[in-house]
Amino acid sequence: MRILIHKDYEALSKWCAYYIAKKIKDGRPSADKPFVLGLPTGSSPIGTYRELVKLYQAGKASFKNVVTFNMDEYVGLPENHPQSYHYFMEEHLFRHIDIPRGNINIPNGNAPDLAKECQAYEDKIVKAGGIDLFLGGIGVDGHLAFNEPGSSLISRTRIKTLTHDTRVANSRFFDNDVNKVPQIALTVGLGTIMSAKEVMIIINGYSKARALYQVVEQGVNHMWTGSMLQLHQHGIIVCDDEATMELKVGTVKYFKDIERHDLENLPEL
């Protein structure tokens, strides 16, 4: 597992965007063989999306031959609701770049048969050839997507009842009213994420320090679902200095040393 510790959120966001753009470019995608990208919502990737838009506007990145699969969506919110993940992705990324509308995939939280929708989502990922790079964020309790503490490490896309803690955390987007936060969501599973060829997780800010400690320095544990990254052949954590506050000094120095070149240089496009 690689860990890149940047000085701040802006630096990590720019590096992530360049890394993704380079992966797409190096993959030489075509309409018949697109680059398949897994994407998250939440506060963690906003900076990366902003930088990806800048790269597109500067002519350094194209998404014409990219297919995306989002991690999750609330059940019961209209797609045009300001807090739906369909809306989030439109506002922060999709409407600003050249991705074909038919290449965008987000779970349908209003499907008449939610279980069938989950299986169809998994099938569509397989049909696309699998996910080349899955970008993710992480919660303060170490969860990925809506795979909250206790989730199976081999889980697949499914219906998930959200914990009270998650709903309280997300209530900041719903007028700080936890009762407005949906109780159910559709989410890709940890097994879905682990099946990607590469997984890159953003962990930033002091509030995520305990999660980073559990994910990096403790063992694989379904109570800290992000720890499954330890088992991935090509797993990357991109974090900032604030998020490392609970790591051992030796751990921080080690990863800053071995990743010095990539910390000092953006991936070349």
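In what follows, the accompanying structure is described.

Conventions we followed
- Residues numbered from 1 in each chain as written.
- Predicted model: local features only at pLDDT ≥ 70, side-chain atom pairs only at ≥ 80, totals over all residues.
- Heavy atoms only, no water.
- Pairing = 2+ DSSP bridges.
- Helix = DSSP H or I, 4+ residues; strand = E, 2+ residues; numbered from the N terminus.
- Phe/Tyr/Trp six-rings, centres within 6.5 Å; stacked < 30°, edge-to-face > 60°.
- Buried < 20%, exposed > 50% of the residue type's maximum accessible area, 1.4 Å probe, protein only.
- Axes fitted to C-alpha atoms, helices over the stretch in contact; angles between N-to-C directions.
- Parallel < 35°, antiparallel > 145°, perpendicular 65-115°, else oblique.
- Contact = heavy atoms within 4.5 Å.
- Nonpolar A, V, L, I, M, F, W, Y, C, P; charged D, E, K, R; others polar.
- Expected span 1.5 Å × (residues − 1).
- Polar contact = N/O pair within 3.5 Å; in protein donor to acceptor, adjacent residues only side chain to side chain.

1. Topic: the pairing of strand β8 (residues 184-187)
Reasoning step 1: Bridging between strand β4 (residues 72-74) and β8 involves three bridges; their strand directions are antiparallel. Across the sheet, Glu73 pairs through a bridge with Leu186, a residue of β8.

2. Overview of the packing of aromatic side chains
Reasoning step 1: Applying the stated criterion across every chain, the model contains seven aromatic pairs.
Reasoning step 2: Aromatic pair Phe69 and Tyr121: ring centres 5.6 Å apart, planes at 80°, arrangement edge-to-face. Separated by 52 residues along the polypeptide, Phe69 in strand β3 (residues 66-70) and Tyr121 in helix α4 (residues 114-127) bring together distant segments of the chain.
Reasoning step 3: Ring geometry for Tyr85 versus Phe146: centroids 6.3 Å apart, planes at 20°, classification stacked. Of this pair, Tyr85 sits in helix α3 (residues 85-92) while Phe146 is found in the loop between β6 (133-136) and β7 (158-161), placing the two residues 61 residues apart along the sequence. The two residues Tyr85 and Phe146 agree in class, both being buried.
Reasoning step 4: By the ring-pair criterion, three or more aromatic residues cluster together here, those being Tyr74, Tyr85, Phe146 and Phe174.

3. Here we look at the packing of helix α2 (residues 46-57) against α3
Reasoning step 1: Contact geometry of α2 with α3 gives a least axis separation of 10 Å together with a crossing angle of 40°. Taken together, α2 and α3 sit at an angle that is classed as oblique. Here α2 contributes Ile46, Tyr49 and Val53 to the contact with α3, which in turn contributes Phe88, Met89 and His92.
Reasoning step 2: Within the contact of α2 with α3, the residues separate by chemical class into five nonpolar, one polar and no charged.

4. Digging into helix α1 (residues 9-26)
Quick reminder: α-helices carry 3.6 residues per turn. Residues three or four places apart thus point the same way.
Reasoning step 1: When the terminal C-alpha atoms of α1 are compared, their 26 Å separation across 18 residues agrees well with the 26 Å that a helix rising 1.5 Å per residue should span.
Reasoning step 2: All buried positions along α1 are accounted for by Tyr9, Leu12, Ser13, Trp15, Cys16, Ala17, Tyr18, Tyr19, Ile20, Ala21 and Ile24.
Reasoning step 3: Here α1 starts with a cap whose side-chain oxygen sits 3.4 Å from the backbone nitrogen of Glu10, and that cap is Asp8.
Reasoning step 4: One or two residues past the end of α1 sits Arg28, with phi positive at roughly 45°.

5. Concerning the sheet that holds β4
Reasoning step 1: Read from one edge of the open sheet, three strands run β4-β8-β7, paired in antiparallel fashion. Both edges of this open sheet fall to β4 and β7, since each of them pairs with a single strand only. Each strand axis lies, on average, 25° off the axis of its neighbour in the sheet, ignoring direction.
Reasoning step 2: Bridging between β7 and β8 involves four bridges; their strand directions are antiparallel. Paired with Arg158 across the bridge in β8 is Thr187.
Reasoning step 3: Docked against the sheet, α4 engages β7 and β8, running at close to 125° with respect to β7.

6. Remarks on the sheet that holds strand β2 (residues 35-39)
Reasoning step 1: Read across the open sheet, the seven strands follow the order β1-β10-β9-β6-β2-β3-β5; overall the sheet is parallel. Strands with a single pairing partner mark the edges of an open sheet, and in this sheet they are β1 (2-6) and β5 (104-105).
Reasoning step 2: Inspection of the sheet shows β6 paired to strand β9 (residues 199-203) by three bridges, in the parallel sense. Paired with Leu135 across the two strands is Met200, which belongs to β9.
Reasoning step 3: Across the sheet, helix α7 (residues 209-217) is in contact with β1, β9 and β10 (235-240); its angle to β10 comes to roughly 150°.

7. Topic: unusual backbone geometry
Reasoning step 1: Unlike most non-glycine residues, Arg28 shows phi in positive territory, near 45°.
Reasoning step 2: The topology assignment puts Arg28 in the loop between α1 and β2.
Reasoning step 3: In this structure Arg28 comes out as exposed when scored by relative accessible area, which is 73%.
Reasoning step 4: The backbone of Asp175 sits at a positive phi, close to 60°, despite the residue not being glycine.
Reasoning step 5: Tracing the backbone through its elements, the reader meets Asp175 in the loop between α5 (164-170) and β8.

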